[in-house]
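# Secondary and tertiary structure notes
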Amino acid sequence: MDLRGGSEALRCARGRGFALFGRTLRRGRGQRVRPKMAAASVAGPALNVFPFRDARAAPDPVLEAGPVAQGPQPVPLVLDNGSFQARAGWACPGPDPGPEPRLQFRSVCARGRGGARGGAGPQVGNALGSLEPLRWMLRSPFDRNVPVNLELQELLLDYSFQHLGVSSQGCVDHPIVLTEAVCNPLYSRQMMSELLFECYGIPKVAYGIDSLFSFYHNTPKNLISSGLIISSGYQCTHILPILEGRLDAKNCKRINLGGSQAAGYLQRLLQLKYPGHLAAITLSRMEEILHEHSYIAEDYVEELQKWRCPDYYENNVHKMQLPFSSKLLGSTLTSEEKQERRQQQLRRLQELNARRREEKLQLDQERLDRLLYVQELLEDGQMDQFHKALIELNMDSPEELQSYIQKLSAAVEQAKQKMLQAETPDLEQLEPSLEEVESINDFEPLFSDETPEAEKPVTTVQPVFNLAAYHQLFVGTERIRAPEIIFQPSLIGEEQAGIAETLQYILDRYPKDVQELLVQNVFLTGGNMMYPGMKGRIEKELLEMRPFQSSFQVQLASNPVLDAWYGARGWALDHLDDEDVWITRKDYEEKGGGYLKEHCASNVYVPIRLPKQASRSEAQASSKGGAGEQA
């Protein structure tokens, strides 16, 4: 396919690429898998107005392991440990291994609202419900796509085992297949192995790369293939060359951009465009726009030129409707109701001032009693105690004490008179005091300046503008600008190469015949590869960088989000009895937590070789030799 001279074939292929995207997919309980939109050129419903769904995750039920995990030998447990979403399920042997993973949840956790004092414990994944109210509390075990916080990782594993019906109190008696990052640091794998073997007591574990599991899930069995994997997720984008079925780790490249950076960029764009809706433009809503309303432009500059046309803009702009209330403050209140509100507010202020006067009177009375007690010490001739008490009161002389007693007595008496008058008010008219008038001035904006002398007809205040239109976000070129950052990182000020430049750099490191072999199987996987137009854009970039009339093949994963889990499950079933690919507890104890057994979907194991330390006798001999040379 895709001859340089056959532009018509390429156009048809791009059409088939767009046809891959259908309706919104729903996976798991309460979790949204990245949906697949219609083609970018097709306009939405009437007026292109789309309300935000603000999907709230439903709590996962605690499932029973039951006969699914029973058998003559323990059934492997497959965990796709993604930085955006974790997926867990069983690798059941048999002709029907079962449907999609039984558990899918966001890889975040937060402390419960009860706090640390005996309240609710940490909340994980779908138990959090809506993430926005807790955004400032959310924590992830990942730095980019590498687990670094094992305490939080333990919470995610506890949540997975608990909701799959696996008791983790004693030990987890199931082999585990766990995904890890490309070229995962040995220290991260060491901490993960230590957690699995020491905390959960698992019998054995196998590590693999999620994109490689997805690659082999979409490759016929027993076929040793070569190719280029372009995997883009929530935090990173990787380009992985595969030669004869094995990862060429020396030529792997990573771009530190993914769906998270695209959502943050889109949020900044819309907040600059709509400064009146800063709080409503949340990251969750930006992710919804990316998942359902964004697409990749085949030619970015040409697409921007199209958006300059008013007709094209009107037909393709997506108007995102923010929630709003059409009820205006005071729009249906009569003058009598407003006056009654004012009187109620006045009564509340009077009650508040009365309570304040009572509290102040009580404090002044207690201080006056203390001062009178000190005065009695002076009158009784107890001078030592009197001078000690005077120092405690920070006073210098008996005259100062007497002056303070007179002032405080007058203030207490005046407060009592005010309270006595407040208990017998004139019921015919409520006249506010000066301090009450000053307090109520703070509430003046709540009431109009009209007087209740003449009754006015009841009227409804009509808004001078359309509230629904005011609360709409017009998403035009932002639909292509946000996902474009993985091709042009300079859009957000990142000094990195995009996908096309990185792809060209990797291909240039191989001979011509190997380049031709690799481009025959360019495989796209990961949630950030599901934008409409992504396959066509990769084909266009390859068309520009490859020689004239050379061929290439671009393939999109059948399910870019879940194929990593499906591939790991299939791999576990195929290698269930192959001890050469599983790390047992004995291997862990003998060779350390960073040890890795390689297989078709794994990283390359590069052990750390520490320099050999010289013995004490050798060190002394070398030091003597150096001293002799100096002499």
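Residues numbered from 1 in each chain as written. Predicted model: local features only at pLDDT ≥ 70, side-chain atom pairs only at ≥ 80, totals over all residues. Heavy atoms only, no water.

Attention now moves to the overall build of the chain. The helix and strand inventory of the chain stands at 20 helices and 21 strands. When each of the 631 residues of the chain is scored for burial, the buried share is 45%. The contacts of the chain with a sequence gap of at least 6 include a subset with a gap of at least 24, amounting to 72%. (Helix = DSSP H or I, 4+ residues; strand = E, 2+ residues; numbered from the N terminus. Buried < 20%, exposed > 50% of the residue type's maximum accessible area, 1.4 Å probe, protein only. Contact = heavy atoms within 4.5 Å.)

A separate point is the pattern of salt bridges. Scanning the entire structure with this criterion turns up 21 salt bridges. Across the pair Arg87 and Asp80 runs a salt bridge whose closest N-O atoms are separated by 2.9 Å. Asp80 sits in the buried class, given a relative accessible area of 5%. The partner of Lys319 in a salt bridge is Glu314, and the shortest N-O contact between them spans 3.8 Å. Using a relative accessible area of 11% as the deciding quantity, one classes Lys319 as buried. By relative accessible area, Glu314 is classed as partly exposed at 46%. When salt bridges with common partners are traced through the structure, they connect Glu198, Arg585 and Glu589 into a single cluster. (Salt bridge = Lys/Arg side-chain N within 4 Å of Asp/Glu carboxyl O.)

Turning next to the packing of aromatic side chains. Enumeration according to the criterion identifies twelve aromatic pairs in this entry. Three or more aromatic residues joined by ring pairs form one cluster here, namely Phe213, Trp571 and Trp582. Directly above the ring of Trp582 sits Lys204, whose terminal nitrogen or CZ lies 4.9 Å from the centroid. A cation sits over an aromatic face here: Arg285 above Phe52, 5.5 Å from the ring centre. (Phe/Tyr/Trp six-rings, centres within 6.5 Å; stacked < 30°, edge-to-face > 60°. Lys NZ or Arg CZ within 6 Å of the ring centre and 35° of its normal.)

Although it is not a glycine, Cys183 sits at a positive phi angle of roughly 50°. Within the secondary structure layout, Cys183 lies in the loop between strand S11 (176-180) and helix H3 (186-199). For Cys183, a relative accessible area of 43% corresponds to the partly exposed category.

This paragraph deals with the sheet that holds strand S18 (residues 472-475). Read from one edge to the other, the open sheet built from three strands follows the order S3-S17-S18, with strand pairing classed as mixed. Only two strands of the sheet have a single neighbouring strand rather than two, namely strand S3 (49-51) and S18. Between one strand axis and the next, the sheet turns through 30° on average, direction left out of account. Bridging between S3 and strand S17 (residues 318-321) involves three bridges; their strand directions are parallel. Residue pairing for S17: Pro51 is matched across the bridge by Gln321. (Pairing = 2+ DSSP bridges. Axes fitted to C-alpha atoms, helices over the stretch in contact; angles between N-to-C directions.)

Let us now look at the sheet that holds strand S6 (residues 103-106). Pairing is mixed in the open sheet, where six strands are placed in the order S6-S5-S4-S11-S12-S21. A strand with exactly one partner marks an edge of an open sheet, and here the two such strands are S6 and strand S21 (583-584). Pairing of strand S5 (residues 85-90) with S6 involves four bridges; the strand directions are antiparallel. Bridged to Arg87 within S6 is Gln104. Helix H4 (residues 210-217) rests against strand S4 (77-81), S11 and strand S12 (204-209) of the sheet, and its axis sits at about 80° to S12.

What follows covers the environment of Leu157. Tracing the backbone shows Leu157 in helix H2 (residues 150-163). Sequence separation between Leu157 and Leu79 is 78 residues, and the spatial gap between their C-alpha atoms is 9.0 Å. Residues within four places of Leu157 in sequence aside, it is in contact with Leu79, Leu195, Leu196 and Tyr200.

Most of helix H6 (residues 283-293) sits out of view: nine of its eleven residues are buried. Along H6, the residues that are buried comprise Arg285, Met286, Glu287, Glu288, Ile289, Leu290, His291, Glu292 and His293.

Position of Asp364 relative to the elements: it lies in helix H9 (residues 335-379). With a relative accessible area of 17%, Asp364 lands in the buried category. In this structure, Asp364 is in contact with Leu408 and Val412, ignoring residues within four places of it in sequence.

All right, on to the nonpolar core then. Ranked by internal contacts, the top residues of the largest apolar core, which has 48 residues, are Ile230, Leu270, Ile499, Leu524, Met534 and Ile538. Sort the elements by how many residues they give to this core and helix H5 (residues 259-273) lands first, with six residues. Not counting chain neighbours up to four residues away, the residues in contact with Met534 comprise Ile296, Ile486, Phe487, Leu524, Asn528 and Met529. Of all hydrophobic cores here, the second largest spans 35 residues; its members include Leu77, Cys92, Leu156 and Ile583. (Core = buried A, V, L, I, M, F, W, Y, C linked by side-chain atoms within 4.5 Å.)

Moving on: the environment of Asn81. Summarising the element assignment, Asn81 is placed in strand S4. Each C-alpha atom, one on Asn81 and one on Gln153, is 9.4 Å from the other, the two residues being 72 residues apart in sequence. Setting aside anything within four residues of it in sequence, one finds Asn81 in contact with Phe142, Pro147, Gln153, Leu178, Thr179 and Met192.

A few words now on the confidence of the model for the chain. With 77% of its residues at a pLDDT of 70 or more, the chain has an overall mean of 82. Between residues 1-46, whose pLDDT stays under 50, and residues either more than four places distant or in other chains, the model counts 107 contacts. Within the model, pLDDT remains below 50 along residues 114-119, and this stretch shows four contacts once partners closer than five positions in the same chain are excluded. (pLDDT = per-residue confidence, 0-100.)

Relative to each other, H2 and H3 sit at 50°, their axes nearing to 11 Å. Here H3 runs oblique to H2, going by the angle between their axes. Note that H2 runs across H3; the crossing there is right-handed. For the pair formed by H2 and H3, the contact residues are Leu150, Gln153, Glu154 and Leu157 on the first element and Met191, Met192, Leu195, Leu196 and Cys199 on the second. (Parallel < 35°, antiparallel > 145°, perpendicular 65-115°, else oblique. Left-handed = near helix turned anticlockwise from the far one by under 90°.)

Right, let's get into the environment of Arg111. Here Arg111 is to be found in the loop between strand S7 (109-110) and strand S8 (123-124). The sequence separation of Arg111 and Gln123 amounts to twelve residues, and the corresponding C-alpha distance is 5.9 Å.

Here we come to the pairing of S17. Residues His318 and Met320 line one face of S17 and the alternating positions Lys319 and Gln321 line the opposite face, and both faces are buried. In this structure, S17 lies alongside S18, joined through four bridges in antiparallel fashion. Bridge pairing in S18 links Met320 to Leu473.

Taken as a whole and assessed by the stated rule, the structure comprises zero disulfides. For the unlinked cysteine Cys252, the closest cysteine sulfur is that of Cys183, found at 5.0 Å. Note on Cys252: relative accessible area 13%, which makes it buried. (Disulfide = S-S within 2.5 Å.)

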